[in-house]
Amino acid sequence: YGVNLLYNQNFFNDHDFTPELSYGYMFGGKIGFNFNEEHSITIDIGSSFFNQGFEYSILNSDSTRNTYSRSIGFNSLNFLMMYRKMKNSSYVEIGPQYSMVTKARGTDSFSGNTDISPYIAKSYYSVVLGFGGFVMGTENFGITLGLRLAYTLDDIISKEGQANNFPSITKYSSYQPSNPISALMVMELNYDLGYLASAKCGKKTKFLMF
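Since we're looking at a predicted model, the values are computed, not measured.

Asker: Can you walk me through the overall build of the protein chain in this structure?
Answerer: Helices and strands together make up the secondary structure of the protein chain, namely two helices and eleven strands. Radius of gyration (C-alpha) of the protein chain: 22 Å, far over the 17 Å computed for a compact globule of 210 residues. Counting all 210 residues of the protein chain, 36% fall into the buried class. If you take every contact in the protein chain between residues at least 6 apart in sequence, the share linking residues at least 24 apart comes to 63%.

Asker: Sorry, what's going on with the pattern of salt bridges here?
Answerer: One side chain can pair with another of opposite charge once the charged atoms of both are near each other. Inspection of every chain in the model, using the stated rule, returns seven salt bridges. Residues Arg65 and Asp16 are paired through a salt bridge, measuring 3.4 Å at the closest nitrogen-oxygen approach. Of the two residues, Arg65 is situated in strand E5 (residues 65-87) and Asp16 in the loop between helix H1 (9-13) and strand E2 (17-20); the sequence distance between them amounts to 49 residues. Note that Arg84 is salt-bridged to Glu188, the shortest N-O span being 2.8 Å. Note that Arg84 is positioned in strand E5 and Glu188 in strand E9 (residues 179-191), a separation of 104 residues in sequence.

Asker: What is the right way to read the pairing of E5 from this model?
Answerer: Looking along a regular strand, one sees the side chains alternate between the two faces of the sheet. When strand E4 (residues 39-59) meets E5, the two strands line up antiparallel, connected through 21 bridges. Directly across from Ser57, in E5, lies its bridge partner Thr67. As judged from the 16 bridges shared by E5 and strand E6 (residues 90-108), these two strands associate in the antiparallel manner. Across the sheet, residue Ser76 finds its bridge partner in E6, namely Val101. Counted along the chain from E5 to the antiparallel partner E6, the turn is two residues long, and its residue Asn88 has a positive phi close to 55°.

Asker: Could you clarify how one ought to interpret the side chain of Ser57 in this entry?
Answerer: If you trace the backbone, Ser57 turns up in strand E4. Its relative accessible area of 13% is what places Ser57 among the buried residues. Here Arg65 takes part through its side chain, which lies 3.3 Å from a polar atom of the side chain of Ser57. The contacts of Ser57, once residues within four sequence positions are left out, are Asp16, Arg65, Asn66, Thr67 and Ile169.

The rules behind the values
- Residues numbered from 1 in each chain as written.
- Predicted model: local features only at pLDDT ≥ 70, side-chain atom pairs only at ≥ 80, totals over all residues.
- Heavy atoms only, no water.
- Helix = DSSP H or I, 4+ residues; strand = E, 2+ residues; numbered from the N terminus.
- Rg over C-alpha atoms; globule rule 2.2 N^0.38 Å.
- Buried < 20%, exposed > 50% of the residue type's maximum accessible area, 1.4 Å probe, protein only.
- Contact = heavy atoms within 4.5 Å.
- Salt bridge = Lys/Arg side-chain N within 4 Å of Asp/Glu carboxyl O.
- Pairing = 2+ DSSP bridges.
- Polar contact = N/O pair within 3.5 Å; in protein donor to acceptor, adjacent residues only side chain to side chain.

Here is the structure:
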């Protein structure tokens, strides 16, 4: 669970359309292989929800302004391949993420709920960086806490959304992509299913799995 931000340079230069720090989540499972006590590779599969709120104002004919709120949200199915290095009960990890949008929805205090599915890209790629450490556990079960930062490399707005100036209410002089950014606190429950061991008997080497 953590914070989300839809980064778009035009939004930060527009005083009438202001992004707000919003919240999202992700949950799922993973399977990994430890090469040794320090290095491992994991495959993560998870479901996430990204939400972004905005506050915008509209100028009335009498020069007054009315302020409204808008939010866009979408669920994704995520596939991650992460390299992790452990040292002294702490870890750092990095890897690519591929995501498929499964559902999208929007709300607006002025116009009401809207179907934003055509305005959101169907899939996108991200780079993920994480770090954390071991909290408690037993010989083959452990709990870790950490932080994962994700930056989406692709524009999350589809071609149709771009043509409709989504999600802004203003047509800017130059188009800028919208890249989701997230910072999520992560709790992992890890269980070791087995390990590989070698034993030398004379000139032969045997590999055992438990």
